[in-house]
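# Structure at a glance
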Amino acid sequence: MAVNFKESKTKENLMRAFAGESQARNRYTIGAEKARQMKMYSIADIFVYTADQERAHAERYYELLKSLSGDTIFIDGGYPVDQQESLAQLIRAAEHNEKEEAENVYQEFSRVAKEEGFLEAASAFSLIAEVERTHQLRFAEVAEMLEKSEYFACADTGKWICTNCGYIFEGKQAPSSCPSCHHEQGYFLPYELAPYKGNH
Ligand SMILES: [Fe+2]
Ligand SMILES: [Fe+2]
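Predicted model only: the values in this text are computed from it and were never measured.

### Some points on the environment of Leu146
Looking at the element boundaries, Leu146 is found in helix α4 (residues 119-147). For Leu146, the residues in contact, after removing those within four places along its chain, are Met40, Ile43, Leu87, Ala88, Ile91 and Tyr151.

Shown next as structure tokens:
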């Protein structure tokens, strides 16, 4: 059935999504700061990269609310407090939140939007759910590497890229400092996580 947007559930869901994305962005920039304090600079980059995408999601949801400009939307929602001390635990918490969005929250919001006749919002929710799934999987991969102490080491030959200068190192373990730019080990990123790696 077609519903007036002003009276819709979708209007509230868009605002909840905007709030959720805004908070995720902040949680991840705070996570990045924590990673930097621990000298895990490439993990800080992963947080910032993801935070920027959450900002883009927030912007998309906010755009879809434009016709209500000047209104205030009241929402009811639950939001996580994730201040785990260990980086692996912090990333596991992020993974959990991404999974919730990907599998439950945005699927449901998309279903409701479709039911109410807001197809553009329905599509935004389901496309962004797909991105949240990639966030979930990336965080899972990073957390697992940290838990197994495989972020900077591996049993066979591994590859790491220095996120400062781009030098690619191959070996069993990322060097304690980059042979090219001398930045410390924390700048090395497992090569499979590099977003612009091309076909090397
Ligand atoms: Fe997002
Ligand atoms: Fe996300």
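### Remarks on helix α3 (residues 87-116)
Helix length check: α3, at 30 residues, gives a terminal C-alpha distance of 41 Å against a target of 44 Å (1.5 Å per residue), a fit within 8%. Along α3, the helix axis deviates most sharply at Glu101, where the bend reaches about 45°. One or two residues past the end of α3 sits Gly117, with phi positive at roughly 90°.

### Concerning the UniProt feature "domain: Ferritin-like diiron" (unreviewed entry) in the protein chain
Per the UniProt record, "domain: Ferritin-like diiron" (unreviewed entry) is found at residues 4-150. Here residues 4-150 runs as 76% helix and 0% strand, with 53 Å between its end C-alpha atoms.

### Points about α4
Helix length check: α4, at 29 residues, gives a terminal C-alpha distance of 42 Å against a target of 42 Å (1.5 Å per residue), a fit within 8%. Directly after α4, the chain includes Ser149, whose backbone phi takes a positive value near 50°.

### Details of the sheet that holds strand β1 (residues 153-162)
The sheet built from three strands is open, its strands ordered β2-β1-β3 with antiparallel pairing. Edge strands, defined here as strands with exactly one partner in the open sheet, are β2 (168-173) and β3 (188-190). Geometrically, the sheet is characterised by an average inter-axis angle of 40° between neighbouring strands, direction not taken into account. Where β1 meets β2, five bridges bridge the pair, whose relative direction is antiparallel. Residue Trp160 lies in a different strand from β2, and its bridge partner there is Phe169.

### As for the nonpolar core
Counting 33 residues, the largest nonpolar core has Ile43, Phe47, Leu87, Ile91, Leu146 and Tyr151 as its most contacted members. Contributions of two or more residues to this core are made by α1 (9-37), α2 (41-63), α3, α4, β1 and β3. Both of domain 1 (5-147) and domain 2 (153-193) provide at least three residues apiece to this core. With residues up to four places along the chain from it excluded, the contact list for Leu87 reads Ala35, Met38, Met40, Ile43, Phe47 and Leu146. With 19 residues, the next largest nonpolar core counts Phe5, Leu14, Ala17 and Tyr61 among its residues.

### Section: the packing of aromatic side chains
Enumeration over the complete set of coordinates arrives at 12 aromatic pairs. Three or more aromatic residues link up through ring pairs in this structure, and these residues are Tyr61, Tyr106, Phe109 and Phe125.

### Thoughts on unusual backbone geometry
You will see that Lys39, though not glycine, has its phi angle at about 65°, which is positive. Tracing the backbone shows Lys39 in the loop between α1 and α2. For His182, which is not glycine, the phi torsion reads 70° and is therefore positive. Tracing the chain through its elements places His182 in the loop between β2 and β3.

### A closer look at the coordination of the iron ion (ligand 1)
The iron ion (ligand 1) binds to the protein through Glu21 (OE), Glu21 (OE), Glu54 (OE), His57 (ND1) and Glu132 (OE), with metal-donor distances spanning 1.8 to 2.6 Å. Mapped onto the sequence, the residues coordinating the iron ion (ligand 1) show the spacing E-x32-E-x2-H-x74-E. Separating the iron ion (ligand 1) and the iron ion (ligand 2) is a distance of 3.6 Å, and Glu54 donates to both of them. With a gap of 111 residues between them, Glu21 in helix α1 and Glu132 in helix α4 connect regions that are remote in the sequence. For the residue pair Glu21 and Glu132, the accessibility class agrees, reading buried in each case.

Calculation criteria
- Residues numbered from 1 in each chain as written.
- Chains lettered and ligands numbered in written order.
- Predicted model: local features only at pLDDT ≥ 70, side-chain atom pairs only at ≥ 80, totals over all residues.
- Heavy atoms only, no water.
- Helix = DSSP H or I, 4+ residues; strand = E, 2+ residues; numbered from the N terminus.
- Contact = heavy atoms within 4.5 Å.
- Expected span 1.5 Å × (residues − 1).
- Bend = angle between axes of the 7 residues up to and from the residue.
- UniProt positions renumbered as here; feature names shortened; annotations may be inferred.
- Pairing = 2+ DSSP bridges.
- Axes fitted to C-alpha atoms, helices over the stretch in contact; angles between N-to-C directions.
- Core = buried A, V, L, I, M, F, W, Y, C linked by side-chain atoms within 4.5 Å.
- Buried < 20%, exposed > 50% of the residue type's maximum accessible area, 1.4 Å probe, protein only.
- Domains from an automatic or database assignment.
- Phe/Tyr/Trp six-rings, centres within 6.5 Å; stacked < 30°, edge-to-face > 60°.
- Donors = N, O, S within 2.8 Å, 3.2 Å for Na, K, Ca; no water.

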